[in-house]
Amino acid sequence: MAHEHHSVVIIGAGLSGIGMACHLSRQCPGKGFSIIERRDNLGGTWDLFRYPGIRSDSDMFSFGYQFRPWNELKVLADGPSICQYISETAEQYGISQHIQFGYEVTAADWSSAEQCWMLTVQANATGQIRTVSCDFLISCTGYYNHRSGYLPDFPGIEQFNGQCIHPQHWPEDLDYRGKNIVVIGSGATAVTLVPAMAEEAGHITMLQRSPSYIFSVPGRDQLSALLRRFLPESWVYKLARKRNIAVQRWMFKAAKRWPNKVRNILLKGVRKQLPDDFDMRHFSPAYKPWDERLCAVPDGDLFRAISHGKASIVTDQIDTFNPQGIRLKSGQQLDADIIITATGLQLQVLGGLTLSLDGKPCLINQQLTYKGVMMEGVPNMGWIFGYTNASWTLKADIAAGYLCRLLNHMDEQQQKTVVARDTEGCAVDESIMGALQSGYVQRANEVLPRQGSKLPWRLLNDYARDSTMLLEEPVADPYLQFAPAKAVRTEGVVETQLS
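Report on the accompanying structure. Values in this document were obtained by computation on a predicted structure and should not be read as measured data. (Residues numbered from 1 in each chain as written. Predicted model: local features only at pLDDT ≥ 70, side-chain atom pairs only at ≥ 80, totals over all residues. Heavy atoms only, no water.)

The helix and strand tally for the protein chain stands at 12 helices and 25 strands. Principal-axis analysis of the C-alpha atoms gives the protein chain an extent of 75 × 60 × 45 Å. Split into buried and exposed, the 499 residues of the protein chain put 55% on the buried side. The long-range fraction of contacts in the protein chain, counting pairs at least 24 apart against all pairs at least 6 apart in sequence, stands at 71%. Summed over all atoms, the accessible surface of the protein chain reaches about 22,100 Å², with 49% contributed by carbon and sulfur. (Helix = DSSP H or I, 4+ residues; strand = E, 2+ residues; numbered from the N terminus. Buried < 20%, exposed > 50% of the residue type's maximum accessible area, 1.4 Å probe, protein only. Contact = heavy atoms within 4.5 Å. Areas by Shrake-Rupley, 256 points an atom, 1.4 Å probe, with all protein chains shown as cover.)

Ranked by size, the top nonpolar core spans 142 residues in total, and within it Ile18 and Phe283 carry the most contacts. At 12 residues, the largest contribution of residues to this core is made by helix 10 (residues 392-412). Setting aside chain neighbours within four positions, we find Phe283 in contact with Pro211, Ser212, Ile214, Leu267, Val270, Leu274, Phe278, Leu302, Phe303, Ile306 and Ile313. Listed in part, the 13 residues of the second largest apolar core include Phe160, Ile318, Ile326 and Ile339. (Core = buried A, V, L, I, M, F, W, Y, C linked by side-chain atoms within 4.5 Å.)

Turning next to the pattern of salt bridges. Scanning the model with the defined rule gives 17 salt bridges in all. The salt bridge partner of Arg130 is Glu4, with a shortest N-O separation of 2.4 Å. Of this pair, Arg130 sits in strand 6 (residues 129-139) while Glu4 sits in strand 1 (residues 4-11), and the two are 126 residues apart along the sequence. Judged by its relative accessible area of 24%, Glu4 falls in the partly exposed class. A salt bridge links Glu233 to Arg228; its shortest N-O distance comes to 3.9 Å. Its relative accessible area of 40% is what places Glu233 among the partly exposed residues. Overlapping salt bridges bring together Arg39, Asp47 and Arg50 as one network. (Salt bridge = Lys/Arg side-chain N within 4 Å of Asp/Glu carboxyl O.)

This is the structure in structure tokens:
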């Protein structure tokens, strides 16, 4: 059997993986590549999550790819529409034929002797294992475990007589018409589920331990709809994208500079959409805006469901589950037919694969990130990690563009390997998610790569500055070490010339 080798292997066929492949096909047309995808469909997150109301939490003009406009006027798109957008993009750029579905990369070992990655790939259907090699490896697996979400150890949960569901494992045939539902959580998933289920449920309650900042955005971009009457669609898209990127950045910077003013503006916006006698403590977090991600709701649908009496919100802590539902520490009982545990994600890097260099384990949580795109000390490997304070795809797009620049530079200079080295001792005890205080980030602090005290090891999370660094500054710098194909990579290894 012929050995399977590719110039580039991309792990993951979700939003990031398809985007990376499109950039390769456009900017490195002679570079062969393959995408290895564990699932049977492309789409990643947007194929995995099937709960009611699943949608983007960023506007689609900035969440869509820069090279393929999102031309619909719906601001926050639903999951199936996003899946279709990713699929159509893959077809348009000829990416679908490069995807190997139903295979998981379980291990990746860099061979200094062969100057390539040796990947252990397992077929989900049969368990059969094979080896695939590549010159350059790019991880597009996102940052959480697709197999299981986070579920706290709730006391007495086994006593509950109804259905208990995690949104990551949504049953296709769930009938919740007329049922009493409790959704545990206050993040993006919870604020999506509650209004989506409220119309058909008997009643739905959002049970939160602490509030999140929630703000309303228009469901439809009326300004773009108006401009389309007078301007070409491509112009309208560019204007909307530029406007929304600027607004996102302004909100984040304002929240960091004037946290109390931004807090007052956010809470005032909520106050306007709720009954006069509503207890605002349910929407008044103890932390500052953007210490955790903000939650956007289209046309205030969550507030409308509460105002109409179809939904309610309770801020309390769980004492125990019981046969009828949940007893809270205040003594209040929440009866339920269905309990949905929207309790968050289990973070995971590189899709959970085992990473090693010449057979020696590489501890990801001890590596710095170079420009947020490579790991210090790890040769010929990139990873796509989007923004957490703006649309994910903004960073994914420019990171993919940088990796294409890097690959082209290596080809032009006839270099076989590249590795980033921190020669100045810049490491600090801070993960790549920085100061975000979300529960899922704090739980994963010990598994995420580190960042450094200064550039290029420190993450900017600033689209304009990142774009300059990744797309305009020279590829070669003092921190990148390149070597040609004949270079000996480790002591005692016989020099190898790859054909």
